[in-house]
Amino acid sequence: MNRLLMLAMRIFVLLLYFIVMIFPLYWIVITSFKPQGDIFSLPLRYWPETFTLDNYVNIFQISKFHIYMGNSLLIAIAAALIVLVIAIMGAYVMARFTFRGHRQIMLAFFATQMLPGFISLAPLYLIMSDLNLINNRASLVLMYTVGLIPFSTILLRGFFQRIPTSLEEAAMIDGCSRFTALLRVIVPVMLPGIASTFIFAFVQNWNELFLAVMFIDSEPLKTLPIAMNSFVMKFDVNWGALSAGTVLSVIPTILLFAFAQRFIVAGLTQGAEKG
């Protein structure tokens, strides 16, 4: 009897947690299909009487939503790929070699994760201004890359430490250089970690708003978070457009997670940092 009661309580808690987590997502999706009059109707309608695509049409009429989404995709993918290449090289060195300053570099990487980003805003703005990179996609790619390299290196280092050195040593005995052994032997084994790191970097870049607002002011160069922020006005919020934009903005992330699901599951079990 006690076991059944405990099982029932666990199921109830899990069900309650699921409802609390999923309801906001459900409400956003439903709101995106509601007519404007139904969004503020009382009593609340948990299922709209009529479905409409007006909110989705409006976000393309009142803003250049497709351009914003294209800019976000370009910047997020470019920065994530650059981060991945640099982090793989750095993590491999940190995992395979011991040299003077090794521990200090790792501590510096960890320290960068403890500092709030806004304290570097003023010097970053001055640097980008001197380089004529204000209102330039390259500025966001550069800043996102620099900001994500330390954590991505730490993350990939954990994966490298779980791969035996005998793999690359065998490849080097067969005539491969260290770089070729890394590229042809280690990287294929590292695919779960690489996929997890790429997704982490992509999502961070895709959702970033603060730097995008500060460094991009030109309409054709704005990213998706800036477009979403524009729906929140001083005295009003366009909830229909905001909900529709939110639904569209999560589609690339959902597709990415669906495509790399098996790598993510493997990465979660293999990429723990050694103590």
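A brief structural summary. Here the structure is a predicted model, which is why all the values come from computation and not from measurement.

Criteria and cut-off values
Residues numbered from 1 in each chain as written. Predicted model: local features only at pLDDT ≥ 70, side-chain atom pairs only at ≥ 80, totals over all residues. Heavy atoms only, no water. Phe/Tyr/Trp six-rings, centres within 6.5 Å; stacked < 30°, edge-to-face > 60°. Helix = DSSP H or I, 4+ residues; strand = E, 2+ residues; numbered from the N terminus. Buried < 20%, exposed > 50% of the residue type's maximum accessible area, 1.4 Å probe, protein only. Contact = heavy atoms within 4.5 Å. Salt bridge = Lys/Arg side-chain N within 4 Å of Asp/Glu carboxyl O. Polar contact = N/O pair within 3.5 Å; in protein donor to acceptor, adjacent residues only side chain to side chain.

This part covers the packing of aromatic side chains. For the coordinates displayed, the defined rule picks out twelve aromatic pairs. Ring plane angle 40 degrees and centroid distance 6.1 Å describe the contact between Phe23 and Tyr26, whose orientation is recorded as tilted. One end of the pair is Phe23 and the other is Tyr26, both in helix α1 (residues 2-32) and three residues apart, which spans about a single turn. According to the relative accessible area criterion, Tyr26 is partly exposed, its value standing at 29%. Ring geometry for Tyr92 and Phe97: centres 6.3 Å apart, planes at 80 degrees, overall edge-to-face. You can call Phe97 partly exposed: its relative accessible area is 33%. Aromatic ring contacts, followed pair by pair, group Phe33, Trp47, Phe51 and Tyr56 into a single cluster.

Turning next to the side chain of Ser243. Tracing the backbone shows Ser243 in helix α13 (residues 239-259). Leaving out residues up to four positions away in the same chain, Ser243 has contacts with Ile28, Thr31 and Ser32.

Evaluation of the coordinates by the stated rule reveals three salt bridges. Between Glu168 and Arg96 there is a salt bridge, with its nearest N and O atoms 3.0 Å apart. Taken together, the residues Glu168 in helix α8 (residues 166-173) and Arg96 in helix α4 (residues 65-96) connect sequence positions 72 residues apart. Taken as a pair, Glu168 and Arg96 share a single burial class, namely buried.

This next bit is on the environment of Asn136. You can see Asn136 is positioned in the loop between α6 (121-130) and α7 (137-161). Judged by its relative accessible area of 28%, Asn136 falls in the partly exposed class. Separated by 36 residues in sequence, Asn136 and Arg100 place their C-alpha atoms 38 Å apart. Among the polar contacts made by the side chain of Asn136, one reaches the main-chain amide nitrogen of Ala138 at a distance of 2.9 Å.

These results come straight from atomic positions and should not be treated as a statement about function.
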